[in-house]
Amino acid sequence: MQKCFNNLKVEEYKKETIIQREREDSIDIRCTEFPDFSEEFHQIVKAGWLEKTPPKGGKIYQRRWVQLDSEYIRYFQSVKEVYSKRMVSLGSVDKVVSVGDLRFELHNQSRTFLFRAESTQERNDWVCCLEKILSDRKNSLEPRNLFFKNGSVNSIFEGYLEMLSPRNKVYTLISRDKLFLFRSHEEYFQGVGITDIDMRMASVRDGENKRSFTLTTPYRTFSFVVNSESEKVKWCELLNECVSRSLSCDGVCESIWRVPANRFCADCNSSMPEWASINLCVLLCEKCAGVHRSLGQNVSKVRSLKLDERVWTDDLIRVFLLLGNGKANQFWGANIPPSESLCVNANSEQRLQHITAKYKDGKYRKYHILFGQQEALNKALCSAVQFADLLETLSLLNCGADINCHTGIPQFPSPLSLAKHSGQTVQAELLMQNLNSETFTPVVKDVSIRSHSGNLFKTASSARPITDHKSKADFSQRWCCLGDGMFSYFKNEQSHNKCGGMKISEIICFSVNSPGKHGYEHTFELFSEEGRVYLFGTDDGSIAKNWIRAIAMAVLPPALFDVCGNCDRLGRLRCTEGSNGIGWFCLSGFKLQVLLKDNVQTIDLRKLLTLTLCDSSGSMVLVWRGGPLHLLADRRPHFVGWQTYIQQKSGAGDQPLSQQQLSDLGVPVTIDRCLDYVTCYGLLSSGIYRKSGINSHVTKLQERFQSDARSVTWCESEYSVDDVANTLKRFLREVKDGVFNGQENNNSWLRAAGLEDRSEKIHRYQILLSNLPDVNRETLRVLIHHLVCVQHLSEENQMTLRNLGIVFGPTLFQTDGTDATASQVVEELIQNYCSIFNVSESDLQRQLNMTSDVLNKHKSQKSLSRTPSSTICAVYLEKKEEGAAVLVQVPADMTVFKLVSVVLEQKGIQKANEEFWSCYEILEKEDMERTLHYQERVLPLYFSLSCHCHLLIKRNHYILGIMRYLENKVNLCKDGPLRVCELKSESSRNFHLRHCELSGKTFRLYKELQGSQCEREYPAKELKIYHGCRSKLHPPTPWGLMLIHDKQQWYLCCENEDELTEWTATFYSIQV
């Protein structure tokens, strides 16, 4: 090849050119993300580590990763980097010269590049390769340009751009399907550049101001600023054209095969695959593609790279360039054991078995850390589609996320619309290809998922809970391995001698600490059966997540695989209700998932009925809707942590609404109890919520709620209705972040009030409401519903719409009341309650009318205070839920029969033939119910109800059976053997066969057989009889009844339903 420049003597210009080079350093363009495999962006002739002379006259050589291809020699900061620090066109190189001390030099017209190898042989190899490439150019024509091959410029556009990070002015040139960066226009003509950017995987977007734009690739984002807005538009148009041209200039195969991992079948590793599954994002050979077709279009959509040209849009090609087999197999094939991998020569049966397991059953997939948490998966999907991480989206879609889930944004209700709005066209393409696919199939996890290895940092084990802060100096690096039923750790990866370890079966607890608790950002603890505590840590969040997932899957039994999710703490505890006295527990946020025998139950700790810590023994008793749960004390260090976690997650009075103790409806218990009290006793109280209570009473009541809201009970003589109303207002004013969830949201609601168009304002309120957390949204709905009822009775209580706004505006927005906008918002929420909260106007009006009918009979009363002669009673119809409560005036002489008749009449229910309705006393804690006798007085009963009881009216399906049994009975008596459990304590659960007798007016309990001495005897009329299956007692049959006399309780089990009917009928008849 003819030389581009006149040769000069090396001795004459070496010093000058080296000095020039040493005074100038390249721009450091580091990647923020790296390729997940060794991706060949160029046809590499030779690559390796070399040392180059330092810039600015330094004496220390710099180690660089150097790549040589047929056009350029490039050097990089590291082997992972995609963008070079320098690239020198070989067309500009005059010659290569070996010099002493393992060095060689590249000479061009303007400078000399000096490199040093590690050995003479390595230096000679580099020189040989360079000389061969240079010799191939000798016979070419004189180039017109020194930078591009054969002197062919083919420049589309060029000019200076200011790059923001790192801050430098660079000369930029668009040529074919690449963007080239140079330090200056002069260097471009000298054949020396910084780097080139492959535009096939790039996207162009507007920047933060009118003169800036960004160029985003999978590995980093380049930000540029130009001199004018028109110049920016020009650059963006040309860059977008370059992107499209880069995808269309070659055939689909050639474009996609540029990524090395795409040159081999994702399943059997055959070369140059010409088929693809466009929803699973994998490239396939012809044999594997045939198997994919047999799975059906709903599982795998197979298309040809050569025959189905219309399918391959630019965005779909980008999907396969950004994902392809390399990243897709990180998800689909993350856990393929070597023994189950598919080879090129596999037969059809082997291919079918492997591909079905891999894609349809998901046997080898890498499960997302949120797997099993549907709501969290959906939220994560809505977040992921707004960014460029396609692998995250693929993982979410195929681990249970709903592709059609609601985003919570009315304008962009689906993930697809949200992706398009965010400008993520490639994400949108991936979603569209999966719209009609079976993106998730429940599978049985393979044991290989529960294996893992890697470096962690460990402290010395301890026999006590680790409560003090551990600095990084307290940790030592260890190579940890999880697999084959063992967790082991070694001094380093090469070591074969264990430093320690334990069997997986010996891990009784695994706990994840909050970030920053110790010197390393992410730490977790393992607790062994021997009572030892092991603390591990890392600063890398992704490493910590992978370890947490692997250990959770290894420790937990299979029944909890699908619900472990992102656990805070998991393990096994001694539990009375568990199988063989052991239960498995998994705590994630406020949700405690419990495996006692063969089924998993989920307990929202915020909604516990009671939580009791026994000081004497250290045991804990959790009572929820499913019954009591007894956690027995354990002296090993893990149990103290469980106590702390459960108490913290059960709700606290000084936290935001979502972290408070909650009622069944998801409303803070404090608000629920106060509203219930005011509804019963204060709706007609003049000036309710405006009058002040006694400050000492309000403070005391607030402190009780803040300490433990569940335990608060009251009687009217202790607190007035104004005390309770002011406690509610004080709670709303002082609760952290308020009802509207923070000052920023407060301002959004207040700004919405300034909109002039009513429909637009209502729509804005609806959007703001939908954006509130679930607890805040439900709390606001319940509060406004209550204020609607108060305002409906304003003629009696004087609380008009304006008065309610004045009182609750500053209260809900936590302001000083000087800004009237807060009051306006509350007034508009009350006025437009049905529209904003999506409530039927007819249902609301019917409920308000019923309330008015009851309260109009009490116009002579100034407030609905509890009196010996009458009160207002809240009764539920069919089941306890919001809106099912009926307010009834209950005089002293009202019977249960009359109460049922009044409620059915108010609700407009006509009894059908042979249909019977009864009133029941419901024990919420025990899941038991007592059928009230039709002649029983309601008022004394209502006064005696605890806070965990309520009255329920529903159809009685046993009356006909009872009537048929009693039809021909002459003597009202019953006797026979029953299985009996005496409930002496919470842990009582032993059933014994006893002979029972009910005759005359007495119930007798014999110890064993008939004729033996009577052990207990009770007057039948003094017994309370409750029906239900107390599952926590593990009764031998589901047909049971509970007898209560004073503080004594007996649970009786019958053999069948007929026997239960006979005993019930006899009890009822004797008690008349």
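Residues numbered from 1 in each chain as written. Predicted model: local features only at pLDDT ≥ 70, side-chain atom pairs only at ≥ 80, totals over all residues. Heavy atoms only, no water.

Draft legend 1. Inspection of the overall build of the protein at higher detail. Scanning the protein for helices and strands turns up 30 helices and 44 strands. Here the protein holds 1072 residues, and the buried ones make up 52% of them. The contacts in the protein between residues at least 6 apart in sequence include a share of 59% that link residues at least 24 apart. For the protein, the accessible surface area stands at approximately 48900 Å², while carbon and sulfur atoms represent 46% of it. (Helix = DSSP H or I, 4+ residues; strand = E, 2+ residues; numbered from the N terminus. Buried < 20%, exposed > 50% of the residue type's maximum accessible area, 1.4 Å probe, protein only. Contact = heavy atoms within 4.5 Å. Areas by Shrake-Rupley, 256 points an atom, 1.4 Å probe, with all protein chains shown as cover.)

Draft legend 2. Here's a closer look at the sheet that holds strand β4 (residues 86-89). Pairing in this open sheet of eight strands is antiparallel, and the strands run β5-β6-β7-β1-β2-β3-β4-β11 from one edge to the other. The two strands at the open ends of the sheet, each matched to only one other strand, are β5 (95-99) and β11 (192-193). The sheet contacts of helix α2 (residues 120-135) involve β1 (46-52), β2 (62-68), β3 (72-76), β5 and β6 (103-107), and relative to β5 the element is tilted by about 160 degrees. (Pairing = 2+ DSSP bridges. Axes fitted to C-alpha atoms, helices over the stretch in contact; angles between N-to-C directions.)

Draft legend 3. Looking closely at the sheet that holds strand β16 (residues 275-277). An order of β17-β16-β18 is seen for the three strands of this open sheet, with the pairing classed as antiparallel. Lying at the two open borders of the sheet, with one neighbouring strand each, are β17 (282-284) and β18 (302-304). For this sheet, the mean inter-axis angle between neighbouring strands, taken without regard to orientation, is 35 degrees. Here three bridges tie β16 to β17, and the two strands are oriented antiparallel to one another.

Draft legend 4. Focus on helix α24 (residues 821-831). Burial of α24 is extensive: nine of the eleven residues sit out of reach of the surface. Taken residue by residue, α24 has Thr821, Ala822, Ser823, Val825, Val826, Glu827, Glu828, Leu829 and Ile830 as its buried positions. Looking at the buried residues of α24, the elements they touch are α19 (743-752), α20 (758-771), α21 (774-792), α23 (801-813) and α25 (833-837).

Draft legend 5. Main features of the nonpolar core. Ranked by size, the top nonpolar core spans 104 residues in total, and within it Tyr689, Trp749, Leu780 and Leu951 carry the most contacts. Counting residues per element, this core draws most heavily on α21, which supplies nine residues. Contacts of Trp749, omitting those with residues within four sequence positions, involve Phe740, Tyr765, Leu768, Leu769, Leu772, Leu780, Phe813, Val825 and Leu829. Judged by nonpolar contacts, the second largest core, of 76 residues, contains Val82, Met201, Phe224 and Trp332. (Core = buried A, V, L, I, M, F, W, Y, C linked by side-chain atoms within 4.5 Å.)

Draft legend 6. Representation of the environment of Glu997. Structurally, Glu997 can be placed in strand β39 (residues 992-999). A relative accessible area of 17% places Glu997 in the buried class. Along the primary structure Glu997 and Asp975 are separated by 22 residues, whereas in three dimensions their C-alpha atoms are 4.2 Å apart. In contact with Glu997, other than residues within four places in its own chain, are Lys974, Asp975, Thr1002, Phe1003, Arg1004, Tyr1006 and Trp1063.

Draft legend 7. The arrangement of the packing of aromatic side chains in detail. Following the criterion strictly, the structure yields 32 aromatic pairs and no others. With centroids separated by 4.4 Å and ring planes inclined at 15 degrees, the aromatic side chains of Phe457 and Tyr520 adopt a geometry described as stacked. Of this pair, Phe457 sits in strand β19 (residues 452-458) while Tyr520 sits in the loop between β23 (507-512) and β24 (522-528); the two residues are 63 residues apart in sequence, bridging distant segments of the chain. An aromatic cluster of at least three residues, connected via ring pairs, comprises Phe487, Tyr489, Phe510, Phe524, Phe536 and Trp547. One residue, Lys169, lies across the ring of Tyr160, its end atom 5.6 Å from the ring centre. Seen from the ring of Trp275, Arg293 lies directly overhead, with NZ or CZ sitting 4.6 Å from the centre. (Phe/Tyr/Trp six-rings, centres within 6.5 Å; stacked < 30°, edge-to-face > 60°. Lys NZ or Arg CZ within 6 Å of the ring centre and 35° of its normal.)

Draft legend 8. View of unusual backbone geometry. Backbone geometry at Cys281 places phi at a positive 65 degrees, although glycine is not the residue there. With respect to the element layout, Cys281 can be found in the loop between β16 and β17. For Cys281, a relative accessible area of 0% corresponds to the buried category.

Draft legend 9. Summary view of the pairing of β2. β2 sits mainly inside the fold: five of its seven residues count as buried. Both β1 and β2 contribute to a ladder of seven bridges, which runs antiparallel. Among the inter-strand pairings, Lys52 is bridged to a residue of β2, identified as Gln62. Note: β2 against β3, four bridges, orientation antiparallel. Residue pairing across strands places Val66 opposite Tyr75, the latter belonging to β3. Connecting the antiparallel pair β2 and β3 is a turn made up of three residues.

Draft legend 10. Examining the packing of helix α16 (residues 669-681) against α21 more closely. Between α16 and α21, whose axes approach to 11 Å, the crossing angle comes to 10 degrees. Judged on the interaxial angle alone, α21 and α16 are roughly parallel. The way α16 lies across α21 gives a crossing that is left-handed. Contacts between α16 and α21 involve Ile671, Leu675, Val678 and Thr679 from the former and Thr779, Val782, Leu783 and His786 from the latter. (Parallel < 35°, antiparallel > 145°, perpendicular 65-115°, else oblique. Left-handed = near helix turned anticlockwise from the far one by under 90°.)

Draft legend 11. Spatial organisation of the pattern of salt bridges. On inspection of all chains with the given rule, the structure shows 32 salt bridges. Linking Lys470 and Asp468 is a salt bridge whose minimum nitrogen-to-oxygen distance equals 3.7 Å. Given the relative accessible area of 22%, Lys470 is considered partly exposed. Linking Glu828 and Lys761 is a salt bridge whose minimum nitrogen-to-oxygen distance equals 2.9 Å. Note that Glu828 is positioned in helix α24 and Lys761 in helix α20, a separation of 67 residues in sequence. Each member of the pair, Glu828 as well as Lys761, carries the same accessibility label: buried. (Salt bridge = Lys/Arg side-chain N within 4 Å of Asp/Glu carboxyl O.)

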